[in-house]
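Take a look at the letters that make up each chain.
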Amino acid sequence: MSADSAVNPAGAAETADGGPLGLVYSPCPNDTFTFEAWAHGRVAGAPAVDVTFADIDITNGMAERGEGDILKVSYAVLPWVLDEYALLPCGGALGRGCGPLVLTREAGVDLRGKTVAVPSERSTAYLLFRIWAAATVPGGVGEIVVLPFHEIMPAVRDGKVDAGLVIHEARFTYQNYGLHSLADMGEHWEATTGLPIPLGAIIAKRSLGAPTLRRLAAAATASVRMAWEAPEVSRPYVLDHSQELEPSVAEQHIALYVNEFTAELGDEGYAAIRGLLGRAAEAGLVPPLAPGALDFV
């Protein structure tokens, strides 16, 4: 896990010891683009933050253990963490045409009994995969292996696993590994529900209190709007942390995953989240949400 810290001089310290709040998100272009202004102290009135980069499997685990003040997590992990954390109505990744892909070395592979690498067993990608597999893979797949997302495509290419479930910029780069897209989890989700695809959420400790939670939401929204207004300002930060992506791929990534839902979930965004978690709960894949669990302060 790598770290990059920045304290917002315009934001009052929020922790009991007078320090900045911990903000944890991935080094992927959508996150670094969204939070660059906040991380570097340019969002007036925003709470001070100390940024740490972490893979989604790590942040999901941190949330389940109650570690971290503000975290980018999978929507799929919410049923386990909403007692302690509140879902912010902004800052996350949700959209259309942006779903996870199942990749294989050969086209048209039958996944029955096959080994599949996934980025996290509590990821939204894996939840969408389970919903898809239940409908399309009679008898089910075989072993599930959790790997950091940047290791999944090499593992499929090298024959260490039969298939890989990939997210983010892999949509634009999997051909470079000689791989084939077997199925698009987002296409299946949109075709069967008509809803956008909920991927990553921003959550914050409820113990911070309603006033601070509202300031956090305002900061996230302001940060992404500032990035849209002056994308050239965030570009060095994005490329420094994008794991050697070509600038054009990073820009495609941002265009796909940072959209109106990042600034504000809105009614359609909340409908998608309730749809995903409700459908998963009915299938016994996640615990049901308590009434009002998604409500913001």
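Refer to the structure printed above.
None of the values given here were measured: they were computed from a predicted structure.

### A word on the overall build of the chain
Assigned secondary structure in the chain consists of 12 helices and 11 strands. For 297 residues, the compact-globule formula gives about 19 Å, and the C-alpha radius of gyration of the chain, at 19 Å, lands near that figure. The principal-axis extents of the C-alpha atoms in the chain amount to approximately 55 × 45 × 30 Å. Counting the 297 residues in the chain, one finds 57% classified as buried. Look at the contacts in the chain between residues 6 or more apart in sequence, and 82% of them connect residues 24 or more apart. Total accessible area computed for the chain in this model is approximately 11900 Å², and 50% of it derives from carbon and sulfur atoms.

### With respect to empty space enclosed by the protein
Take a probe with the size of a water molecule and roll it over the atoms, and the empty space left behind shows itself. A complete count under the given rule lists one cavity of 30 Å³ or more for this structure. What the largest cavity holds in volume is close to 240 Å³. Sorting the residues of the lining of the largest cavity by element identifies α1 (29–39), α2 (56–65), β3 (70–74), α4 (124–136) and β11 (197–205) as the ones contributing at least two each. By residue number, the principal contributor to the lining of the largest cavity is β3, which donates three residues.

### Describing the packing of α4 against helix α7 (residues 185–193)
Packing of α4 against α7 brings their axes to within 9 Å, and their N-to-C directions diverge by 70°. When the interaxial angle is binned, α4 and α7 end up roughly perpendicular. Between α4 and α7, the contacting residues are Leu128, Phe129, Ile131, Trp132 and Ala135 on the first element and Met185, His188 and Trp189 on the second. A per-class count over the contact of α4 with α7 returns seven nonpolar, one polar and no charged.

What counts and what doesn't
Residues numbered from 1 in each chain as written. Predicted model: local features only at pLDDT ≥ 70, side-chain atom pairs only at ≥ 80, totals over all residues. Heavy atoms only, no water. Helix = DSSP H or I, 4+ residues; strand = E, 2+ residues; numbered from the N terminus. Rg over C-alpha atoms; globule rule 2.2 N^0.38 Å. Buried < 20%, exposed > 50% of the residue type's maximum accessible area, 1.4 Å probe, protein only. Contact = heavy atoms within 4.5 Å. Areas by Shrake-Rupley, 256 points an atom, 1.4 Å probe, with all protein chains shown as cover. 1 Å grid on protein atoms, 1.4 Å probe; cavity = no way out; pocket = protein on both sides within 12 Å on 5 of 7 lines; lining within 4 Å. Points joined across faces, edges and corners; volume = space filled by probe spheres on them. Axes fitted to C-alpha atoms, helices over the stretch in contact; angles between N-to-C directions. Parallel < 35°, antiparallel > 145°, perpendicular 65-115°, else oblique. Nonpolar A, V, L, I, M, F, W, Y, C, P; charged D, E, K, R; others polar.

The values reported here are purely geometric and, on their own, carry no functional implication.
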